[in-house]
Amino acid sequence: MGEHTGRDLFRYLVADEADEYVAVMDCFSDVLLTDLCAADIVSACAARGATLGTAVVDARCRRLVRWGNLALVGGDPPNGPIAEVRDRTRYRATPAGLRVHREASRMLATSDGAREVARESLGCVADELNRIADLLDHAEEGLDPDALAAHVTSAFAHHRLFTDSVADFYAHLAELLDRFEHSDGVDEYTDFKRLLLDYVDVIGFDVERLAPLASGRLDRVMARLDALLAALPDSGLPDAAQVRSPGRNHADWETLAQWYSEDSGPRRMRDAAALALGRLLVRTRRISSGASNFSHRADMLRLARWFAESSDDQAHHLFAATFGVFPSRHLLLGPEEPDPRVGAGTSWWRADPVLVPVALRERGNHSSRGGIGRLPDSLPGRVRADELARHESRRRTEAVTELREAGELHGAHLSTEAREVLLDLLATALAGYRSTDEPVRVDDTDLGLSLTAEPGPDTVVHSPDGDLVVHALVVRAAATESLEQGVVVP
């Protein structure tokens, strides 16, 4: 069977009698451990609506045996009259033949429309990785190999579903871009703009939000990868015959970690979205400057009608949404600013002034002169943001370590950062209770910190900014032992 695991397995899909070969292979895809003769295949094809003769089926099966999709049961066919040989010759599908036919059937059943991206699978990957890391953290309490294997399989299955759906969607997006650039229709432009600005933006937001979370949890798993692989149950199959499920070797986990790194999968998706957006902007300028039915006058009249029909409050909201003039906001014009912390929520009083082009400032002219400039490179801003995030993470880690070492917090001297972490956890612990007659505890597994508050004397914490007094509560900090993030328990 090994010599038939190459290109011969696909020959039946492009043969002249491809429909007959597919009908024969369909008979083997719905049965398990069943051998079929030519007469059985004829009956099964008839039930599916395909009419094939016994001689035709026997010829197709013999050719499929030669290509490696089918195998003869018991070796070479028996000798004797042709009709008797057909009745006594039985066939079964090979493992490689079944895999090829399953994928081919799935491909033939796929439509030409855009495939929905499995956005929810990205969150499932992060959740499964968190469960795996928690199980490994508490391995000394007893580890269930089957539960661990289930989480590993689920994580890789969701990752495969997400990446496959993303690849299919961006392939469809590339076709739309090519078709869009050779079309003058405004309707196609509107549909494509909605697809790109709405759907692609939602996907990019999910990736920006969840990919770093999955990457951080992958780091926890990769630190204990040897223990994880050793704890997974054995398949029970001979080593020479088994094909292990994803996640059972180092290479699978290294590939997964590489995809979620900043310079791999997420960055490729951002670059693809930026390229599509650039081509959309070029096409938008071309349509807005040359299409007769793309009138700005009509847009202004429509906007004026909305203002006339709106109340005073609605008119203010409509004006702000139309012209982007929000109160106490920083109006972003031109290229990206060096400091990534300056965004739309930054007050004008604190931000540096923005240089507005003369044509826009004096004449309100938005048209671009000369060639179309390249989109600014956002890499320096992302690098700066990464540096700030790492610095903030180090400060927060040091604050958590300081709280763990303090233990009993009454009389402790804490830094400003440690006091802020303490206030956040204390607020979370007390938020779900109307009274503090009983002890309460909050566990944050991301920080690795547990905070307990019990009725008792006041707790006084000293810090450079002053003293924090927690009335009638004894507050203690320790390393977390809970498996659930942010869980408040009595």
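Refer to the structure above for everything that follows.
Residues numbered from 1 in each chain as written. Predicted model: local features only at pLDDT ≥ 70, side-chain atom pairs only at ≥ 80, totals over all residues. Heavy atoms only, no water.

### So, the overall build of the protein chain
Here is step 1: On a plain count of helices and strands, the protein chain comes out with 17 helices and nine strands.
Here is step 2: Buried positions account for 32% of the 490 residues belonging to the protein chain.
Here is step 3: If you take every contact in the protein chain between residues at least 6 apart in sequence, the share linking residues at least 24 apart comes to 64%. (Helix = DSSP H or I, 4+ residues; strand = E, 2+ residues; numbered from the N terminus. Buried < 20%, exposed > 50% of the residue type's maximum accessible area, 1.4 Å probe, protein only. Contact = heavy atoms within 4.5 Å.)

### A few points about the nonpolar core
Here is step 1: Grouped together as the largest cluster of nonpolar side chains are 37 residues, with contacts concentrated most on Ile132, Phe162, Tyr170, Leu228, Trp253, Tyr260 and Met269.
Here is step 2: Elements supplying a minimum of two residues to this core: helix 7 (119-137), helix 8 (145-181), helix 9 (186-222), helix 10 (225-231), helix 11 (250-260) and helix 12 (265-290).
Here is step 3: Among the elements that take part in this core, helix 8 stands out by supplying ten residues, more than any other.
Here is step 4: Apart from residues lying up to four places away in sequence, tryptophan 253 is in contact with Leu129, Ile132, Val152, Phe156, Leu218, Val221, Met222, Leu225, Leu228, Leu229 and Gly247.
Here is step 5: One finds Ala23, Leu52, Leu70 and Ala93 within the second-largest nonpolar core, a separate group that totals 25 residues. (Core = buried A, V, L, I, M, F, W, Y, C linked by side-chain atoms within 4.5 Å.)

### Topic: the sheet that holds strand 3 (residues 90-93)
Here is step 1: On the basis of which strands lie adjacent, the open sheet formed by three strands has the order 1-3-2 and antiparallel pairing. Looking at which strands have only one partner, the edges of the open sheet turn out to be strand 1 (36-37) and strand 2 (70-72).
Here is step 2: Pairing of strand 2 with strand 3 involves three bridges; the strand directions are antiparallel. Counted as the bridge partner of leucine 70 is alanine 93 from strand 3.
Here is step 3: Seen against the sheet, helix 4 (residues 54-67) touches strand 2 and strand 3 and runs at an angle of roughly 100 degrees to strand 2. (Pairing = 2+ DSSP bridges. Axes fitted to C-alpha atoms, helices over the stretch in contact; angles between N-to-C directions.)

### Details of the environment of aspartate 134
Here is step 1: In this fold, aspartate 134 is placed in helix 7.
Here is step 2: When its relative accessible area of 6% is taken as the criterion, aspartate 134 is described as buried.
Here is step 3: In the structure, aspartate 134 is positioned 311 residues away from threonine 445 in sequence and 8.8 Å away in space, judged by C-alpha atoms.

### Here we look at the pairing of strand 3
Here is step 1: Only one face of strand 3 is covered, namely the one carrying Tyr91 and Ala93; the face carrying Arg90 and Arg92 has none of its residues buried.
Here is step 2: Bridge count for strand 1 against strand 3 is two bridges, and the pairing is antiparallel. Paired with cysteine 37 across the strands is arginine 90, a residue of strand 3.

### Section: the pairing of strand 5 (residues 449-455)
Here is step 1: Most of strand 5 sits out of view: five of its seven residues are buried.
Here is step 2: Direction of pairing for strand 4 (residues 440-444) relative to strand 5: antiparallel, over a ladder of five bridges. Bridged to aspartate 444 within strand 5 is leucine 449.
Here is step 3: Adjacent in sequence and paired antiparallel, strand 4 and strand 5 are bridged by four residues, among which glycine 448 carries a positive phi angle near 70 degrees.
Here is step 4: Taken together, the seven bridges between strand 5 and strand 8 (residues 473-479) define a ladder with antiparallel strand orientation. Paired with serine 450 across the strands is alanine 478, a residue of strand 8.

### Topic: the pattern of salt bridges
Here is step 1: Applying the stated criterion across every chain yields a total of 17 salt bridges.
Here is step 2: Put simply, aspartate 134 and arginine 220 hold a salt bridge, and the shortest N to O gap is 3.2 Å. Taken as a pair, aspartate 134 in helix 7 and arginine 220 in helix 9 lie far apart in primary sequence, 86 residues in all.
Here is step 3: Through salt bridges with shared partners, one network takes in Asp134, Asp137, Arg220 and Arg224. (Salt bridge = Lys/Arg side-chain N within 4 Å of Asp/Glu carboxyl O.)

### Observations concerning the packing of aromatic side chains
Here is step 1: According to the stated counting rule, one finds four aromatic pairs in the structure shown.
Here is step 2: Measuring from ring centre to ring centre gives 5.0 Å for phenylalanine 156 and tryptophan 253, while their planes differ by 90 degrees; the resulting arrangement is edge-to-face. Of this pair, phenylalanine 156 sits in helix 8 while tryptophan 253 sits in helix 11, and the two are 97 residues apart along the sequence. By the burial criterion, phenylalanine 156 is buried, and tryptophan 253 matches it.
Here is step 3: Between the aromatic rings of phenylalanine 162 and tryptophan 259, the centroid separation amounts to 6.1 Å while the plane-to-plane angle is 85 degrees, which identifies the pairing as edge-to-face. Taken as a pair, phenylalanine 162 in helix 8 and tryptophan 259 in helix 11 lie far apart in primary sequence, 97 residues in all.
Here is step 4: Since its relative accessible area comes to 13%, tryptophan 259 is described here as buried.
Here is step 5: Between arginine 60 and the ring centre of tyrosine 21, over which it is positioned, the NZ or CZ distance is 5.6 Å. (Phe/Tyr/Trp six-rings, centres within 6.5 Å; stacked < 30°, edge-to-face > 60°. Lys NZ or Arg CZ within 6 Å of the ring centre and 35° of its normal.)

### Quick look at the packing of helix 16 (residues 379-406) against helix 17 (residues 416-431)
Here is step 1: Here helix 16 crosses helix 17 at 75 degrees, and the two axes come no closer than 8 Å. On the basis of the axis angle, helix 16 is roughly perpendicular to helix 17. The residues of helix 17 that touch helix 16, namely those facing Arg395, Arg396, Ala399, Val400, Glu402 and Leu403, are Glu417, Ala418, Val421, Leu422 and Asp424.
Here is step 2: Split into classes, the residues belonging to the contact of helix 16 with helix 17 amount to six nonpolar, no polar and five charged. (Parallel < 35°, antiparallel > 145°, perpendicular 65-115°, else oblique. Nonpolar A, V, L, I, M, F, W, Y, C, P; charged D, E, K, R; others polar.)

### Quick word on unusual backbone geometry
Excluding glycine, residues mostly carry a negative phi; peptide bonds, for their part, are mostly trans.
Here is step 1: At alanine 472, a residue that is not glycine, the phi angle is positive and equals roughly 60 degrees.
Here is step 2: By the element assignment, alanine 472 lies in the loop between strand 7 (466-470) and strand 8.
Here is step 3: Residue classification places alanine 472 among the partly exposed residues on the basis of a relative accessible area of 43%.

### Some points on the side chain of aspartate 26
Here is step 1: Assignment of secondary structure puts aspartate 26 in helix 2 (residues 18-29).
Here is step 2: Although aspartate 26 lies buried, it forms no salt bridge, and the closest oppositely charged side chain, arginine 48, sits 4.7 Å away as judged by the N-O distance.
Here is step 3: Setting aside residues no more than four positions away along its own chain, aspartate 26 makes contact with Arg48, His101 and Ser105. (Lys, Arg positive; Asp, Glu negative; His and termini not counted.)

### Topic: helix 7
Here is step 1: In a regular helix each residue adds 1.5 Å, so 19 residues correspond to 27 Å; helix 7 covers 28 Å between its end C-alpha atoms and thus fits that length.
Here is step 2: Listing the buried residues of helix 7 in full gives Ser121, Leu122, Gly123, Val125, Ala126, Glu128, Leu129, Asn130, Ile132, Ala133, Asp134 and Leu136. (Expected span 1.5 Å × (residues − 1).)

### Looking at helix 17
Here is step 1: Helix length check: helix 17, at 16 residues, gives a terminal C-alpha distance of 22 Å against a target of 22 Å (1.5 Å per residue), a fit within 8%.
Here is step 2: Taken residue by residue, helix 17 has Ala418, Arg419, Val421, Leu422, Leu425, Leu426 and Ala429 as its buried positions. Down the axis of helix 17, the buried side of the element spans an arc of 160 degrees, and every buried residue falls inside it. (Arc of directions from axis to C-beta.)

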